[in-house]
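As a plain string of letters, each chain reads:
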Amino acid sequence: MSRFSYFTRLLKADLKRVTKYIPSLLISVCILFTVCASAGYVISKNLYKENKFTAVNVGYYLSPSEDSDMTELALGMLKKMESIEESASIFPVNTIEDGYRMLEQGEILFFIIVPEDFFTGLMDSTNTPLEVVVQDTSTISSYVANELFLSYANYLTTAQAAIYSVIDTLRAHEFDEDFVSQTDMKVNLVFTERVINKDSYIQTVDATGEGNGTLIQHYLSAAVMLVLLLLAVILMPFIQGHNSGVTKVLKTHKINNFHIFISNVICTIPALYISYIPCFIGLSIYNKQIFGFGLITVIPAIILLALIMNLAGIFSRHVFTGNMIVFCITLAITYIGGGFLPHAMLPSAIQKISAFLPGEYLIKLFGHSLFGL
Amino acid sequence: MQFINRFTVFTKRILAHKMYLVMLAVLVFLTGLYKLLPSKEQSTDIKVAIYCEDTGEYFDALMAEIERSNSIYTFYIVNNEDTLLNDVKSSYAECGFVIPDNFFQSFIDGTADENPIRMYKTPSSTLPFSICETLFAQTYQIVAEQLMLSCTDLDAYDEELVSIYHDYTSGDEVFRLMDVTDHSFDFKTMIYRINIPVFEITVLLILFAGLLGLLLYQKDKEKRIYLAQNNRNLFQLKALSVLTSLLPIFSVGLICNVITYGFAEQVLQVLLTAIAVFFLAMLLSFIIRKSTLLEKVLPLIMLISVIGVFVTTL
């Protein structure tokens, strides 16, 4: 019989041997996947801890005046701004004395005294000063609030400068008063519109995604990779199954350790592929979408995993040592590939070597197979 | 006497185990690394990444204006959107802004809602909308001149308009809010040590050592070494095997934690962990009676522990 025939017989025997491991593999994959997927879910939800800025309390006193309705309207608009909502809490105080008392007791950080006819002053360029009293100017909160108020004031300063310039120029050249009024109105509207609509000029984009998918998809892909790699614990007795006696007999038929290795790899591939199917079905149900093509595109990843397992198997004498080697390799590959922390959060040295190790590519391959990413 | 003999033999055996020595070396190495690495000074200012696709002259003016405004946010320019995204994801930058091509002109034309600035943020981004306000206020200021000219449509008077506008912006006739902070803000830098999870690794190694002790006992038993022993002696041997596996790693771990954290809460927690692992190993010995099964379960227990430790340290 030729070497090829013996190899085919070895392959058949190994395939028969590996089928005995299938039930254990399927049970293990269900347990491991539940653990790893749950962990992935928890990590993806907690990785970016929500940073809540303690809102700064700002009190204001409105002096009774004819344009108080306009002031109230402006304050109402101010309170609805997203920047104010995330950083400040604005409320009225009844008297100036109350405001100072609250300031002293630390109930408010800023106290704004809106003078009489404040808005009329803005319109006719008398610009009655707005008094802002601050108790503590050394905390980050006071700096944030201060910067926010300076930004709002900047809108007003810029718009006023433009409006006054247009009116002055037109009047200097003795334009018709109606035209001056119309142009003033137009400039006023354009400058106000740009400020009012500013939120629509900014599109908020969530940066938490990884690659083409979401963070949860990334972690689920990493979980599948982790699970399949850890199945080495079940498959290690199979990989190291040829004892020295069997090896000696095989050598008489020109079947050496390399042939045994190849046979083991070939047999490990279908075992891992069958183990992958419950993960694929589970995640397709979770995703409410099946990427049938993914069952083909996952094959390179499965081959790579089979190679890693078998290499760990031939470099260790005992099952336990083999398991520990695979465990360490699994943790290293997963960490460097961004399976525990997204790529951007890894130290820069790790980010650089990541491209030379299979973890990143394996996670991408599983992401493509499971979610079509 | 018999107890001391057994204790000595077991301790010698575990200390001859290469994997065990590696575990001890890892702990000592990490502690040394923690103590020997110099402290670093890190800026804690609020960094904001900015990438501009608009090739016009407005962007330079915008950055100059932000610089001049003495903002508490540190805006810095990146070369591409990927770097910006990376910085936001890694929390190096609180958030990032991508100014699209022709944004400033579309802002002047009133069509910026069709060509908006993209603000990248994560749930951990602090104050993105307040930062946005600073950026927008400066943008508003630098395009105001052109905005004014475009909506007046008086080409013949453009120069005069601009001149008067500059007079107003540099004068005191327009509304101004004075900076009320006293510039004593001292959050700019902090000293930190590189955070090495000595405590977490100690806990994991103690767990592993305890289970390794149990595994060694089970292997001995399966080799029929303890065939002549009665149940009481077997229990004592099992407890001793686990205990001797725990003690060296516990002692070294304790010293490493004292060196790293001082006599803090972690030191007590190391002691409690060792006690808990001892009882866990003893309990597990009644459930898993064969070493082959324990060999298979051990990586799973380790994996769950690693994930557990990772999740709790997030």
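Values in this document were obtained by computation on a predicted structure and should not be read as measured data.

*Asks:* Looking at this structure, how should I read the sheet that holds strand β1 (residues 56–62) of chain A?
*Replies:* In any sheet, the strands associate via hydrogen bonds between backbone groups, in a parallel or an antiparallel arrangement. All names here are of chain A. Pairing is mixed in the open sheet, where four strands are placed in the order β2-β1-β3-β4. For this open sheet the edge positions go to β2 (88–92) and β4 (131–134), each flanked by a neighbour on one side alone. Taken over all neighbouring pairs, the strand axes of this sheet differ in orientation by 20° on average, direction set aside. The sheet contact formed by strand β3 (residues 110–114) and β4 spans four bridges and is antiparallel. Residue Ile113 lies in a different strand from β4, and its bridge partner there is Glu131. Sheet strands in contact with helix α5 (residues 96–104) are β1, β2, β3 and β4, and its direction is about 165° off that of β3. Each of β1 and β3 touches helix α7 (residues 140–172); the most contacted strand, β3, lies at about 30° to it.

*Asks:* Can you help me understand the domain arrangement of chain A in this one?
*Replies:* Where the parts come together, the accessible area they lose is often given as the size of the interface. Each assigned domain of chain A is listed here: domain 1 (3–48 + 208–371) and domain 2 (56–201). Each of domain 1 of chain A and domain 2 of chain A was reduced to a C-alpha centroid, and the two centroids are 62 Å apart.

*Asks:* It is not clear to me how the packing of helix α6 (residues 128–152) of chain B against helix α7 (residues 158–170) of chain B should be interpreted in this structure. Could you clarify?
*Replies:* Packed helices, taken two at a time, are described by their axes: the angle between them and the distance between them. All names here are of chain B. Where α6 meets α7, the axes come as close as 11 Å, and the angle between the chain directions of the two elements is 145°. Like other packed secondary-structure pairs, α6 and α7 cross with a definite hand, here right-handed. Contacts between α6 and α7 involve Gln141, Ala144, Glu145, Met148, Leu149 and Thr152 on the former and, on the latter, Asp158, Leu161, Val162, Tyr165 and His166. The residue makeup of the contact of α6 with α7, split by class, is six nonpolar, three polar and two charged.

*Asks:* Sorry if this is basic, but what is going on with the nonpolar core here?
*Replies:* Side chains of a nonpolar character, in soluble globular proteins, are inclined to be buried together. Within the largest apolar cluster, 117 residues are counted, with the highest numbers of intra-cluster contacts made by A:Val224, A:Leu235, A:Tyr276, A:Phe366 and B:Ile249. The biggest single contributor to this core is helix α8 (residues 198–222) of chain B, with 14 residues.

*Asks:* I would appreciate a short explanation of the environment of A:Ile43 in the present structure.
*Replies:* Residue and element names in this part refer to chain A. Structurally, Ile43 can be placed in helix α2 (residues 22–46). Of the residues examined, Ile43 reaches a relative accessible area of 4% and is grouped as buried. Linking Ile43 and Glu116, residues 73 residues apart in sequence, is a C-alpha distance of 55 Å.

*Asks:* I'm lost on helix α9 (residues 215–230) of chain A in this one. Help?
*Replies:* In an α-helix there are 3.6 residues to a turn, and that puts residues three or four apart on one side. Counted at 1.5 Å a residue, the expected span for α9(A) with its 16 residues is 22 Å, and the 22 Å between its end C-alpha atoms agrees. Most of α9(A) sits out of view: 16 of its 16 residues are buried.

*Asks:* So what exactly am I meant to see when it comes to the sheet that holds strand β5 (residues 117–121) of chain B here?
*Replies:* Pairing is mixed across the open sheet formed by five strands, whose spatial order is β5(A)-β5(B)-β4(B)-β2(B)-β3(B). The two strands at the open ends of the sheet, each matched to only one other strand, are β5 (202–206) of chain A together with β3 (73–77) of chain B. Each adjacent strand pair in this sheet contributes to an overall mean axis angle of 25°, direction not counted. Helix-sheet contacts for helix α3 (residues 58–68) of chain B involve β2 (46–52), β3 and β4 (95–99) of chain B, and the interaxial angle to β3(B) is about 150°.

The rules we used
Residues numbered from 1 in each chain as written. Chains lettered and ligands numbered in written order. Predicted model: local features only at pLDDT ≥ 70, side-chain atom pairs only at ≥ 80, totals over all residues. Heavy atoms only, no water. Pairing = 2+ DSSP bridges. Helix = DSSP H or I, 4+ residues; strand = E, 2+ residues; numbered from the N terminus. Axes fitted to C-alpha atoms, helices over the stretch in contact; angles between N-to-C directions. Contact = heavy atoms within 4.5 Å. Domains from an automatic or database assignment. Left-handed = near helix turned anticlockwise from the far one by under 90°. Nonpolar A, V, L, I, M, F, W, Y, C, P; charged D, E, K, R; others polar. Core = buried A, V, L, I, M, F, W, Y, C linked by side-chain atoms within 4.5 Å. Buried < 20%, exposed > 50% of the residue type's maximum accessible area, 1.4 Å probe, protein only. Expected span 1.5 Å × (residues − 1).

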